[in-house]
Amino acid sequence: MDLNYSVEDERFREKVSRWITDHPAGPLNTLEQKKAWQRTLYDAGFVGMGWPHEYGGQDARPMEQAIVAEEMARSDVPGAINSLALGLIGPTLIVHGTEDQKQRYVKRMLTAEDIWCQLYSEPDSGSDLASLKTRAVLEAFQDGNRWVVNGQKVWTSLGPIADYGVLLARTNPDLPKHQGISYFILDMHQPGVEVRPLKQITGSSEFAEVFFNNAVVPPENIIGQEGQGWELAQTTLGFERGGSLLARVTRHQANLRRLFEVTQHVSRDSVPVLEDPVARQKLGRMVVEVEVLRYAGFRILGKLEQGKRPGSESSIDKLYYSEMDKRHQELMQDLLGPYGQLERGLPSELSLNSSTLRGDDSTWAYNFLWSRAGTIYAGSSEIQKNIIGERVLRLPREPRADRAATREG
Ligand SMILES: Cc1cc2nc3c(=O)[nH]c(=O)nc-3n(C[C@H](O)[C@H](O)[C@H](O)COP(=O)(O)OP(=O)(O)OC[C@H]3O[C@@H](n4cnc5c(N)ncnc54)[C@H](O)[C@@H]3O)c2cc1C
């Protein structure tokens, strides 16, 4: 791939950067403010960039998406609130939904009129998601049939604010486990749905447990066919993937730049941290590791620009950046000492957000705590290693007691 941006790309970058300068996010404390901010980004053409025009998207090239993501990360512009809808749920609906479903739901995801969550994991079904137990049974009511849902989900991100969820539920317990699952659109605002927020180590509650007690789903809200749920759940192809890895790189670079500034004010035993050769070695290693990630981002972008989609090998990038983030956050804590742990009252010369960064109130401490999540969500590191071993390196598959009973068998 040509690692230089074209003149056209550079012009587009300037336009994006000008827009960012002219449109400061302002305070984003309430849900309404966060929704309004997503709407502003959408009106600027920065949300749903790769989605088809007919459903409110921009049909933009992966390179343009990458440039917007990079520029937003560079200026620390807050992202869109409806992250799961944009990253995963919308693309799944565009590929597998009926025309009615697409017309009804897709554009409202882009404008944040409806917030969506993903109702997959259960208390005993995380990595082994196909073992899920939540049941959906088609029952006859006076005014027609409806699916009746009973069971429990957990770790539902955005659950406390969601209007709709995509639900995986078992519709046929007699079939092998991967085959008896269906995929539904569930209205979260109904009496049979109870959402209990879960407080996290960071102090916030972005997750919830969700309980279904005779919740109902109309028949037109099934996505795909009955029993096709597992196949649909594998639809990870996003239309908005172009820039995500490069945006991560830009964020890491911004954090590292800030770390360099901050460590100039930190001393240990009266010796400036930056004069410690071991600390310098650690910082050097972090820079190199982020640079490796940057080239991985270009590799993906190159593929997307050629109309190809990254396959199982994207597990290598997921494993690398999530483990790297954890390692780097630990090193940052090492270098900053007690300053890294303060959630409040940090002098401005030591804070994570320099005056040039805006919109985001993260702290070193918050980022350290949050970095634990990356090696768990979207498939834990161990699961990524299994995928890399089996599907990329073609090593023998891990023994699984249930394999004979599944389609993978
Ligand atoms: C920040 C965050 C957001 C999330 N958001 C959502 C959401 O919106 N919706 C949703 O449905 N879920 C969500 N999840 C849940 C997430 O998908 C699960 O936590 C994840 O799949 C792991 O499942 P588990 O927690 O049940 O752990 P388990 O599957 O019980 O795993 C426990 C440990 O065993 C290891 N392990 C399991 N199986 C194997 C194996 N075959 N080989 C080797 N090691 C193995 C795991 O790596 C892990 O270390 C979220 C999780 C996090 C952390």
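About the cut-offs
- Residues numbered from 1 in each chain as written.
- Predicted model: local features only at pLDDT ≥ 70, side-chain atom pairs only at ≥ 80, totals over all residues.
- Near = placed C-beta within 6 Å.
- Helix = DSSP H or I, 4+ residues; strand = E, 2+ residues; numbered from the N terminus.
- Nonpolar A, V, L, I, M, F, W, Y, C, P; charged D, E, K, R; others polar.
- Expected span 1.5 Å × (residues − 1).
- Contact = placed C-beta atoms within 7 Å.
- Domains from an automatic or database assignment.
- Axes fitted to C-alpha atoms, helices over the stretch in contact; angles between N-to-C directions.

Here we take up the site of the ligand. With respect to spatial proximity, 16 residues lie near the ligand, and among them Tyr 120, Gly 126, Ser 127, Ser 380 and Glu 382 are the closest. Elements that contribute at least two residues to the shell around the ligand include exactly strand 1 (116–119) and helix 11 (381–392). Here the shell around the ligand takes three residues from helix 11, the largest share from any one element. Here the shell around the ligand is composed, by residue class, of seven nonpolar, eight polar and one charged.

When the terminal C-alpha atoms of helix 2 (residues 31–43) are compared, their 18 Å separation across 13 residues agrees well with the 18 Å that a helix rising 1.5 Å per residue should span. Looking at the buried residues of helix 2, the elements they touch are helix 5 (99–110). Following helix 2 by one or two positions, Gly 45 adopts a phi angle in the positive range, close to 90 degrees.

Another aspect to go through is the domain arrangement of the chain. As far as domains go, the chain holds domain 1 (7–81), domain 2 (116–226) and domain 3 (244–404). Computed over C-alpha atoms only, the centres of domain 1 and domain 3 are separated by 23 Å. Tallying the contact residues gives 14 residues for domain 1 and 13 residues for domain 3. Residue composition of the side of domain 1 that touches domain 3, grouped by class: eleven nonpolar, no polar and three charged.

Here we take up the packing of helix 3 (residues 62–74) against helix 8 (residues 277–305). At a minimum axis separation of 9 Å, helix 3 and helix 8 run at an interaxial angle of 145 degrees. Across the interface between the two elements, Pro 62, Met 63 and Ala 66 from helix 3 touch Leu 301, Leu 304 and Glu 305 from helix 8. Of the residues that constitute the contact of helix 3 with helix 8, the class distribution is five nonpolar, no polar and one charged.

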